[in-house]
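In case you want the letters, here they are:
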Amino acid sequence: MSEWLHMGGYGLYVWGSIGASLLLPLCEFAALRLRRRAALEQLKRQQDHDET
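The structure displayed is predicted, hence computed values, not measured ones.

This paragraph deals with the overall build of the protein chain. Helix and strand content of the protein chain: two helices and zero strands. Its C-alpha atoms give the protein chain a radius of gyration of 21 Å, clearly above 10 Å, the size a compact globule of 52 residues would have. Considered along the principal axes of its C-alpha atoms, the protein chain spans approximately 70 × 15 × 10 Å. A burial count over the protein chain gives 2% of its 52 residues as buried.

With that settled, the discussion passes to a nonpolar patch on the surface. Nonpolar side chains collect at one region of the surface, where Met1, Trp4, Leu5, Trp15, Ile18 and Leu22 lie side by side and expose about 670 Å² of accessible area between them. Of all the secondary-structure elements, those providing two or more residues to the nonpolar patch are helix 1 (2–6) and helix 2 (11–51). Among the elements that take part in the nonpolar patch, helix 2 stands out by supplying three residues, more than any other. Structurally, Met1 is set in the segment before helix 1.

Under the criterion given, the structure shown has one aromatic pair. Summarising the aromatic geometry, the rings of Trp4 and Trp15 are spaced 5.5 Å apart at their centres and angled 65 degrees between planes, so their arrangement reads as edge-to-face. Here the residue Trp4 occupies a position in helix 1, and Trp15 occupies one in helix 2, the gap between them amounting to eleven residues.

Take unusual backbone geometry next. For Met7, which is not glycine, the phi torsion reads 50 degrees and is therefore positive. Within the secondary structure layout, Met7 lies in the loop between helix 1 and helix 2.

Here the focus is the pattern of salt bridges. Overall, the coordinates contain two salt bridges when judged by the stated rule. Between Arg35 and Glu28 there is a salt bridge, and its shortest N-O distance comes to 3.4 Å. Look at Glu28 and you get partly exposed, because its relative accessible area is 41%. Put simply, Asp48 and Lys44 hold a salt bridge, and the shortest N to O gap is 3.6 Å.

Before going further, it helps to examine the environment of Met7. You can call Met7 partly exposed: its relative accessible area is 27%. Contact partners of Met7, with chain neighbours within four places excluded, come to Val14 and Trp15.

Each value, and the rule that gives it
- Residues numbered from 1 in each chain as written.
- Predicted model: local features only at pLDDT ≥ 70, side-chain atom pairs only at ≥ 80, totals over all residues.
- Heavy atoms only, no water.
- Helix = DSSP H or I, 4+ residues; strand = E, 2+ residues; numbered from the N terminus.
- Rg over C-alpha atoms; globule rule 2.2 N^0.38 Å.
- Buried < 20%, exposed > 50% of the residue type's maximum accessible area, 1.4 Å probe, protein only.
- Patch = residues over 30% accessible without salt bridge, like charges linked within 9 Å, V, L, I, M, F, W, Y side chains within 5 Å.
- Areas by Shrake-Rupley, 256 points an atom, 1.4 Å probe, with all protein chains shown as cover.
- Salt bridge = Lys/Arg side-chain N within 4 Å of Asp/Glu carboxyl O.
- Phe/Tyr/Trp six-rings, centres within 6.5 Å; stacked < 30°, edge-to-face > 60°.
- Contact = heavy atoms within 4.5 Å.

And the structure:
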């Protein structure tokens, strides 16, 4: 098992690449959700302001 994780000396590079490949899309998804939420809140504030 240790040999498999070490991957012939390239384990850090391989696992780091896999980690980045998983982490970056998750961060992008989270950022998109936050931007969407902020845009919807801003739109709601504008609509509330326009109604008054």
